[in-house]
Amino acid sequence: MEFLRRRLGLIFRALVSVLLIAFLIRKIDWPKLWAILRTVDVGWLIIGACCFLPVLLIVSWRWRMLLAVHGVRMRFWRIFELTMIGQFFSAFLLGTTGGDVVKIFYVARAVPKHKAAVSFTVIVDRVIGLVALLLFGVALSVTQLPLLLSTPETKFYTSLFYLFALGGVVASALACVGPLFLRHQTIRTFLKRIPFIHHGATLIAAYEKTAQAVGINVLALLASIPSNLCITAVGYCVLRAMHPAVPLLAFCSIMAMVNMLIALPISISGLGVREWLFGTFLGLLHIDWNHAIAFSLTY
């Protein structure tokens, strides 16, 4: 019973992935899917792979800025190495945050005197990336709302995306003003009375220092824009490898929204959910399920 209680979240995510995959297996025309994959344009796939390299460089540079806030200076290529390790484990561990856990382990071992601070930067880097993706998705999709709201299913997922966008903006604003509240003696006195709060004191200090570095946080947020553009370009190249041209802005809007929605902890690394969402949204662009699934798997 204790094992089930501790693993309930993982069991739920695995169940969601298994059920969606089982449904998709029955829905797919496998001979047609195989024919699509056999006839992909390799040139477009190579271009798409090249588009992903700038993402790794930008993300590494963004994390380096956040580390510098806490006085941690690391060589760029060491940070790039840790980013690559994190990307690898994000793809193969259970959950999209598996790579972050591995990054925290390695960076904490590399800078033992600032374990709490450097670990916190990994979390902040993830949050900034998600907020940037939300804003990016809103900016792209706002002009495509008539299309995105044209079916009951896509209307639900689009509304969910905008709900999270609103929540992300509110949470970011609260995080920025948090240090102002922590300055009040009453709040500090209350926090000191919480049992075991001394274990989190270093994390609170790291949070205050990060929140006060407004310029760096804004720069990190802006740096995420070209990163999101490159990720979207990867998806566009993959789609062009197996399908004629589609409306660019509509496709980019779908890419941003799906990439955000699969970050929700409802499946194992987005498995099944990603394929379902692409199959649902790409139908708006007159792309059948087999092409959509082939795109999702290749992407």
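Remember, it's a predicted structure, so these values are computed and weren't measured experimentally. Along each chain, the written sequence defines residue order, and numbers are assigned to residues from 1. Only residues with pLDDT of 70 or above have their local features reported here, since the model is predicted, and side-chain atom pairs are shown and tallied only from 80 upward, although totals for entire chains, interfaces and linings are computed over all residues. No hydrogens and no water enter the side-chain calculation; it runs on all heavy atoms of the structure.

1. Quick word on the packing of aromatic side chains
Aromatic pairing here means that ring centres of Phe, Tyr or Trp (its six-membered ring) are within 6.5 Å. Orientation follows from the plane angle: under 30 degrees is stacked, over 60 is edge-to-face, and everything else is tilted. Going through the model one piece at a time under the given rule, you end up with 14 aromatic pairs. Ring geometry for phenylalanine 76 and tryptophan 77: centres 5.3 Å apart, planes at 80 degrees, overall edge-to-face. Aromatic pair phenylalanine 295 and tyrosine 299: ring centres 5.7 Å apart, planes at 10 degrees, arrangement stacked. Accessibility here uses a 1.4 Å probe with only protein chains present; expressed as a share of the type maximum, an area under 20% marks a residue as buried, one over 50% as exposed, and anything in between as partly exposed. Owing to a relative accessible area of 27%, tyrosine 299 belongs among the partly exposed residues under this scheme. Here the aromatic residues Trp44, Tyr236, Phe251, Phe278, Phe295 and Tyr299 are joined through ring pairs into a cluster of three or more. Ring-over charges, as used throughout, are those where CZ of Arg or NZ of Lys falls within 6 Å of the ring centre and within 35 degrees of the ring normal. One residue, lysine 103, lies across the ring of tryptophan 63, its end atom 4.4 Å from the ring centre.

2. Quick look at unusual backbone geometry
Of note in the backbone geometry, histidine 286 takes a positive phi value of approximately 65 degrees without being a glycine. Counting from the N terminus, the helices are DSSP H or I runs at least four residues long and the strands are E runs at least two residues long. Structurally, the position occupied by histidine 286 is in the loop between helix H14 (273-281) and helix H15 (289-298).

3. A few points about the packing of helix H3 (residues 30-38) against H15
Lines fitted to C-alpha atoms define the axes here, with helix axes fitted over just the stretch in contact, and angles between the N-to-C directions of these axes take values from 0 to 180 degrees. The contact between H3 and H15 brings their axes to 9 Å, and the two run at 55 degrees. What the angle tells us is that H3 and H15 run oblique. Taken as a pair, H3 and H15 cross one another with a handedness that is right-handed. Contact residues: Lys32, Leu33, Ile36 and Leu37 in H3; Asn290, His291, Ile293, Ala294 and Thr298 in H15. Side-chain classes are defined by residue name, with Ala, Val, Leu, Ile, Met, Phe, Trp, Tyr, Cys and Pro counting as nonpolar, Asp, Glu, Lys and Arg as charged, and the others, Gly among them, as polar. Across the contact of H3 with H15, the residue classes tally to five nonpolar, three polar and one charged. By the definition adopted for this analysis, an angle is roughly parallel if under 35 degrees, roughly antiparallel if over 145, roughly perpendicular if from 65 to 115, and oblique otherwise. Left-handed describes a crossing whose near helix is turned anticlockwise from the far helix by less than a right angle; the clockwise case is right-handed. Contact definition: two residues touch when any of their heavy atoms are within 4.5 Å.

4. Considerations on the packing of helix H4 (residues 42-69) against helix H7 (residues 115-141)
Put simply, H4 and H7 touch, their axes get as near as 9 Å, and they point 130 degrees apart. If you check the angle between H4 and H7, you find them oblique. Of the two possible hands of crossing, H4 and H7 adopt the one that is right-handed. Packed against H4, whose contacting residues are Val59, Arg62, Trp63, Leu66 and Leu67, the element H7 presents Val118, Thr121, Val122, Val124, Asp125, Ile128 and Gly129 at the interface.

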